[in-house]
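Residues per chain, in single letters:
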Amino acid sequence: LFDGVYPFYAQQRKSSVFDVSTIIVIVVFLTVACSFLLIIPGIRGRARLYWTLRVFFSLFVGVVIVVVQFTGDWETGWVTANTSYKSFSHALVNADIGLHVGLAGVNITLVGNPVNQVNETINYNEHFAWSFSADYDHSYAEGLEKGLPSPVLYVAEKFTTQSPCGVHRQYRISGHYASATLWVAFCTWLISNILFSMPVLVYGGYMLLVTGAFMIFSLLSFFTVRNSPLCPIQFGTTTLRTGYGGSFWLTLAIGLLCFVAGITVVSLHYFNLDLLKTFFDLREDKAEECQEITEVYINPHFLKNGL
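Residues numbered from 1 in each chain as written. Predicted model: local features only at pLDDT ≥ 70, side-chain atom pairs only at ≥ 80, totals over all residues. Heavy atoms only, no water.

Short version of the rule: UniProt positions are given in the numbering used here, feature names are shortened, and annotations may be inferred rather than shown by experiment.
By the naming in an unreviewed UniProt entry, the protein chain goes by Dual oxidase maturation factor 2 and is assigned to Pterocles gutturalis. Looking at the protein chain in UniProt, the text filed under Sequence similarities (unreviewed entry) is "Belongs to the DUOXA family." Entered under Subcellular location (unreviewed entry) in the UniProt record, the comment concerning the protein chain runs "Membrane".

And the structure:
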């Protein structure tokens, strides 16, 4: 206490879902999409529609693979409870307490109902990182020194290395391997685009299948945290329960979509190659090549000599 006042210090805040890295990635992909929109009027006929579908599908897959690595809603949970606001104080506040788990850390949100209570503004969103380049326990110790509200510290303490819950190592390792497999999926996505542009269509389809497989592997890696049940997070008579968040389900949907697209490309290659070439705007090129080959001019002198 400083003259009977609890010390609360300003802290850099981070959004529970979007941060600067996420915005940068989205802006980059939107720039590429807008650049394509500028050149699409130059594409003639039905090929314009096919090009639009291919480009925007590819960009959507790529941006999802990258963005979900920076989001903080792979696992989320909310609870509304009456809880103590400060340590060594009997004052209770009514607040929404949120837990947002990402691949590189956890966000804990505290929003009062109403926001202004006990002569303070209760609106906190604190990030605690557990990536291999960060020290979670150090971040938690800094939160103690800054005098964060008791609900935030209570939830954050569940993920420390010294916590009896013992989930810190499981979440950290699972998040690390999920992120690594997603980067591999991003690489295979790049390779699939290169193969489609060469064009080697069937191998591009195979790489789409590999992309979907690595996205599913990332989900399986994060799913292993369920093998270590999270300790009950109790606020009076209410319990904060978590479930898979938007990033988890979005990754699952895009992974399955890559499987469907890859299987479709491979199937068309073996059963209806003409339709596949039409979709990738290759039939006209082949027809022009055949036409150029058939228009051959021969010297009559060689014909007379039997050559």
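**So, the overall build of the protein chain**
Threshold: Segments assigned H or I by DSSP are reported as helices when at least four residues long, segments assigned E as strands when at least two residues long, and all are numbered from the N terminus. Classification of residues uses two cut-offs on accessible area relative to the type maximum, computed with a 1.4 Å probe and protein chains only: under 20% is buried, over 50% is exposed, and between them is partly exposed. In what follows, a contact means two residues having at least one pair of non-hydrogen atoms within 4.5 Å. Accessibility throughout is a Shrake-Rupley quantity obtained with a 1.4 Å probe, and a residue counts as covered only by protein chains that appear here.
For the protein chain, the helix and strand inventory stands at 10 helices and seven strands. Looking at the protein chain as a whole, 42% of its 307 residues qualify as buried. Pairs at least 24 residues apart make up 68% of the contacts formed inside the protein chain by residues separated by at least 6 positions. For the protein chain, the exposed area adds up to about 17,100 Å²; of that, 64% sits on carbon and sulfur atoms.

**Brief notes about the confidence of the model for the protein chain**
Where we set the bar: As a per-residue measure, pLDDT reflects the predictor's confidence and takes values from 0 up to 100.
Residues of the protein chain with pLDDT of at least 70 account for 84%, and the chain-wide mean is 83. Across residues 285–294, confidence stays below pLDDT 50; counting only partners more than four residues off in sequence or on other chains, it has zero contacts.

**Here we look at the state of the cysteines**
Note the following rule: By disulfide we mean two sulfur atoms from cysteines, separated by a distance within 2.5 Å.
The full count for this structure, using the stated rule, is one disulfide. Between Cys 165 and Cys 231 runs a disulfide, and the two sulfur atoms are separated by 2.1 Å. With Cys 165 in the loop between α4 (150–157) and α5 (168–197) and Cys 231 in the loop between α6 (201–223) and β5 (233–235), this pair connects stretches of sequence that are 66 residues apart. Both residues of the pair, Cys 165 and Cys 231, belong to the buried class.

**Some details on the pattern of salt bridges**
Formally: One side-chain nitrogen of Lys or Arg within 4 Å of one carboxyl oxygen of Asp or Glu is enough to make a salt bridge.
In the structure shown here, the tally under the stated rule is one salt bridge. A salt bridge links Lys 86 to Glu 120; the shortest N-O distance between them is 2.6 Å. In this pair, Lys 86 is assigned in the loop between β1 (75–84) and β2 (92–101) and Glu 120 in strand β4 (residues 120–129), connecting sequence segments 34 residues apart. For Glu 120, a relative accessible area of 21% translates into the label partly exposed.

**Some details on a nonpolar patch on the surface**
The line we're drawing: Residues with no salt bridge and a relative accessible area higher than 30% make up the patches, which join like charges within 9 Å and nonpolar side chains (Val, Leu, Ile, Met, Phe, Trp, Tyr) within 5 Å.
On the surface, a nonpolar cluster with roughly 360 Å² of combined accessible area is contributed by Val 20, Ile 24, Val 28 and Val 32. Assignment of secondary structure puts Val 32 in helix α1 (residues 20–39).

**Focus on the UniProt feature "transmembrane region" (unreviewed entry) in the protein chain**
UniProt's feature table lists "transmembrane region" (unreviewed entry) at residues 20–39, 51–71, 91–111, 177–196, 202–225 and 246–271, given in the numbering used throughout. Counting secondary structure, residues 202–225 comes out at 92% helix and 0% strand; the distance between its end C-alpha atoms is 36 Å. Helix makes up 100% of residues 246–271 and strand 0%, whereas the separation of the span's terminal C-alpha atoms amounts to 37 Å.

**Regarding the packing of aromatic side chains**
For clarity, the cut-off: Any Phe, Tyr or Trp ring, taking Trp's six-membered ring, that has another such ring centre within 6.5 Å forms a pair; planes under 30 degrees apart are called stacked, those over 60 apart edge-to-face, and the others tilted.
This model, assessed by the stated rule, comprises 21 aromatic pairs. A centroid spacing of 5.9 Å and a plane angle of 80° characterise the contact between Phe 36 and Phe 56, whose relative ring orientation is edge-to-face. Of this pair, Phe 36 sits in helix α1 while Phe 56 is found in helix α2 (residues 47–67), placing the two residues 20 residues apart along the sequence. By relative accessible area, Phe 56 is classed as partly exposed at 31%. Considering the side-chain rings of Trp 74 and Phe 248, the 6.3 Å spacing of their centres and the 80° angle between planes classify their relative orientation as edge-to-face. Taken together, the residues Trp 74 in the loop between α2 and β1 and Phe 248 in helix α7 (residues 246–271) connect sequence positions 174 residues apart.

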